[in-house]
Amino acid sequence: MMDLKQQSPLGKFIEHLKAGEFAFQYSKADDKAVFYPRVVAPVSGDGALEWRISKGLGTVYSTTWIPVKDGQPYNVALIDMDEGFRLMSRVEDIDAKLVKIGMRVNFRARAGDKPDDPPYPVFTAAEGV
Amino acid sequence: MENLLKRGSAAIVGVAESDLGLVAPQTSPIDLMAQGVMRALDDCGLQLSDVDALFAATSQARFSTLHLKEYLGLNPRWNDNTQIGGSSFEAHVAHAWAAIQLGQCEVAVITYGSTQRSVSRAAASPREYNYYEAPFKPFMPTTAYAMAAARHMHQYGTTREQLAEVAVAARQWALMNPVAWEKEPLTVEQVLASRMVSNPLSVRDCCLVTDGGGAIVMTSGERAKTLKKKPVYPIGYGEGLSHNSIASMADLTVTGAAVSGPRAYAMAGLKAADIDVVELYDAFTITPILFLEDLGFCPKGEGGRFVSGGRIAPGGALPVDTNGGGLSYCHPGMYGLFILIEAVRQLRGECGTRQVKDAETALVHGNGGVLSSQITCILGGPSTV
């Protein structure tokens, strides 16, 4: 199990992101990906979680757009990663209204919005829209 | 698992709303709770001095039962501040049922108060910081329900018109409820033309933002028979907690109601077809659609077609959300208490023009968080005990 006096699960995740990597955990005992990062796997309580690096490919599971007064609407999406876990994120670089369920998307690390904010994972369309 | 909650050991004997809508400046959520408690005690003929157990929750006071103890000068033998969002009060009913049956208390009040319209939604329920959501600026809770609706539309062909039918039915019921916030009729076209909040949910697909509160009084089955009103009994209960954040909900088209419903039906010895009146937490137009499916009123995926053509509206085949719902009656943020109040009034026959004829069984389904905590209570009149 992680030593929380040394590092937190989120701390490790952010450390990988700063290196441009999208890390997730894997339980060998359960043969299952674990996300968000934790000290143990859910259900089994497996404390020997491995850190792995995602290939960065996923599929939009669901999506919404939110209007902005005097601006462009922005996207919020749930992404199912090929390694078998889901996260909230957004698909960038295209009109928020064109993000569709089933769309293949590619990870990229984005710097935090303010200088002290941690980086976070976002996505772009993997194929032509 | 064996059910140890005995039918008839506890009953709901008093119900009341506090002032609803927009309350005066500087009103506190505890003022609304206290007002609700006094009105609910008056409803059954009990006194403040009879109360020996407190059950309460609100997003504006973490230590709700301590506030209430102090404000009303009570010395409870039992208290429960369970906070799982809007379904907290359905959980409180079962917890009070158990405590009364065990003899830990005899007269329990369950109460809620909120001033979220007065102080703003953001001030009334500040959201906890979550690294995995914050950078994406979801408009919560609406965005979570919008993504459930989008997924339901994608998988089952559900349409925005079908979602709008839920809002229109709620409005028709609300027009028969004198204390409902909304007073004007609503059409499907008006819902579709209203401002988008988080696609595909428009402002008319979303619950109201009002002030309000209320209370329920429960006591032993024996004492219930000596009080002013016809007792209403909890006869079935089930919990289905599925996640905290929406990214951890396994299937956005199947809620914890698929777990809580069967548990409640099994305890009550009833099925969906045996239910006379249905009170579902309608935070958004998609939620009654999901719950009608998960609670067995129609097959999975059929909810949109099921609610169409006025089926859940006044005069329809299945009376749903007869008070006008969170969509048109009131929604102070944790709405679950109000569907319990309405179900009790329906089973007592007190609902005037919106009364469902000869209602003897009611299903009350509470929802909390972002489809996170699903609690089903089945209530029955004297013939069910």
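1. Observations concerning the overall build of chain A
Okay, step 1: Along chain A, the regular secondary structure elements total 1 helix and 9 strands.
Okay, step 2: Seen in sequence order, chain A has helices and strands lined up from the N terminus as α-β-β-β-β-β-β-β-β-β.
Okay, step 3: Taken over the C-alpha atoms alone, chain A extends approximately 50 × 35 × 20 Å along its principal axes.
Okay, step 4: Counting all 129 residues of chain A, 33% fall into the buried class.
Okay, step 5: Counted over contacts in chain A with a minimum sequence separation of 6, partners at least 24 positions apart contribute 49%.

2. Description of the overall build of chain B
Okay, step 1: Per the secondary structure count, chain B includes 14 helices and 11 strands.
Okay, step 2: Whereas a compact globule of 385 residues would reach a radius of gyration of roughly 21 Å, chain B reaches 19 Å, a difference of no more than 12%.
Okay, step 3: Dimensions along the principal axes, computed over C-alpha positions, put chain B at roughly 55 × 45 × 40 Å.
Okay, step 4: With 385 residues in all, chain B has 59% of them scored as buried.

3. Structural notes on the interface of chain A and chain B
Okay, step 1: Contacts between the two partners involve 20 residues from chain A, matched on the other side by 19 residues from chain B.
Okay, step 2: Mapped by element, the contributors of at least two residues to the side of chain A that touches chain B are β4 (57-66), β5 (74-81) and β6 (85-89) of chain A.
Okay, step 3: In terms of residues, the side of chain A that touches chain B owes the most to one element, β4(A), which gives 5 residues.
Okay, step 4: When its residues are assigned to classes, the side of chain A that touches chain B shows 13 nonpolar, 4 polar and 3 charged.

4. Side note on the domain arrangement of chain A
All names here are of chain A.
Okay, step 1: According to the domain assignment, chain A consists of domain 1 (9-53) and domain 2 (57-125).
Okay, step 2: Computed over C-alpha atoms, the centres of domain 1 and domain 2 are 21 Å apart.
Okay, step 3: With 9 residues of domain 1 in contact, the opposing surface of domain 2 contributes 9 residues.
Okay, step 4: Elements supplying a minimum of two residues to the side of domain 1 that touches domain 2: α1 (9-18) and β2 (32-34).

5. A few points about unusual backbone geometry
Negative phi is the rule for most residues except glycine; trans is the rule for most peptide bonds.
Residues and elements named next belong to chain B.
Okay, step 1: Cis geometry marks the peptide bond from Met-140 to Pro-141, where omega comes out at 5°.
Okay, step 2: Its place among the elements puts Pro-141 in the loop between α5 (121-124) and α6 (142-156).
Okay, step 3: With an omega of 5°, the peptide bond between Asn-199 and Pro-200 qualifies as cis.
Okay, step 4: Looking at where Pro-200 falls in the secondary structure, it is placed in the loop between β5 (196-198) and β6 (201-202).
Okay, step 5: If you check the backbone angles, Gln-26 has positive phi at about 70° while not being a glycine.
Okay, step 6: Along the polypeptide, Gln-26 turns up in the loop between β1 (10-17) and α1 (29-44).
Okay, step 7: A count of 9 C-beta atoms within 10 Å places Gln-26 in the exposed class.

6. Looking at the sheet that holds β4(A)
Within a sheet, neighbouring strands are paired by backbone hydrogen bonds and run either parallel or antiparallel to one another.
Okay, step 1: If you walk across this open sheet you meet the 6 strands as β6-β5-β4-β8-β9-β7 (chain A), and the pairing is mixed. A single partner strand is all that each edge strand has here, and the edge strands are β6 and β7 (91-92) of chain A.

7. Some points on the packing of helix α3 (residues 88-101) of chain B against helix α14 (residues 336-348) of chain B
All names here are of chain B.
Okay, step 1: Packing of α3 against α14 leaves a shortest axis separation of 6 Å and a crossing angle of 60°. In terms of their interaxial angle, α3 and α14 are classed as oblique. Across the interface between the two elements, Ser-88, Phe-89, Glu-90 and Val-93 of α3 pack against Gly-336, Leu-337 and Leu-340 of α14.
Okay, step 2: In terms of residue class, the contact of α3 with α14 is made up of 4 nonpolar, 2 polar and 1 charged.

8. Here we look at the nonpolar core
Okay, step 1: If you look at the biggest cluster of nonpolar residues, it comprises 152 residues, and the most contacted ones within it are B:Ala96, B:Ala108, B:Ile216, B:Val217, B:Met218 and B:Leu379.
Okay, step 2: Counting residues per element, this core draws most heavily on helix α7 (residues 160-174) of chain B, at 9 residues.
Okay, step 3: Residues from two domains meet in this core; each of domain 1 (9-53) and domain 2 (57-125) of chain A gives at least three.
Okay, step 4: When residues no more than four places from it in sequence are discounted, the contact partners of B:Met218 are B:Ala10, B:Ala11, B:Ile12, B:Val13, B:Ala96, B:Ile100, B:Ala108 and B:Ile110.

9. As for the packing of α6(B) against helix α11 (residues 286-294) of chain B
All names here are of chain B.
Okay, step 1: Their axes nearest at 10 Å, the elements α6 and α11 cross at an angle of 60°. In terms of axis orientation, α6 runs oblique to α11. The handedness of the crossing between α6 and α11 is left-handed. Contacts between α6 and α11 involve Tyr-145, Ala-148, Ala-149 and His-152 from the first element and Ile-286, Thr-287 and Leu-290 from the second.

The rules behind each value
- Residues numbered from 1 in each chain as written.
- Chains lettered and ligands numbered in written order.
- Predicted model: local features only at pLDDT ≥ 70, side-chain atom pairs only at ≥ 80, totals over all residues.
- Helix = DSSP H or I, 4+ residues; strand = E, 2+ residues; numbered from the N terminus.
- Buried ≥ 20, exposed ≤ 12 C-beta atoms within 10 Å, placed from the backbone.
- Contact = placed C-beta atoms within 7 Å.
- Rg over C-alpha atoms; globule rule 2.2 N^0.38 Å.
- Nonpolar A, V, L, I, M, F, W, Y, C, P; charged D, E, K, R; others polar.
- Domains from an automatic or database assignment.
- Pairing = 2+ DSSP bridges.
- Axes fitted to C-alpha atoms, helices over the stretch in contact; angles between N-to-C directions.
- Parallel < 35°, antiparallel > 145°, perpendicular 65-115°, else oblique.
- Core = buried A, V, L, I, M, F, W, Y, C linked by C-beta atoms within 7 Å.
- Left-handed = near helix turned anticlockwise from the far one by under 90°.

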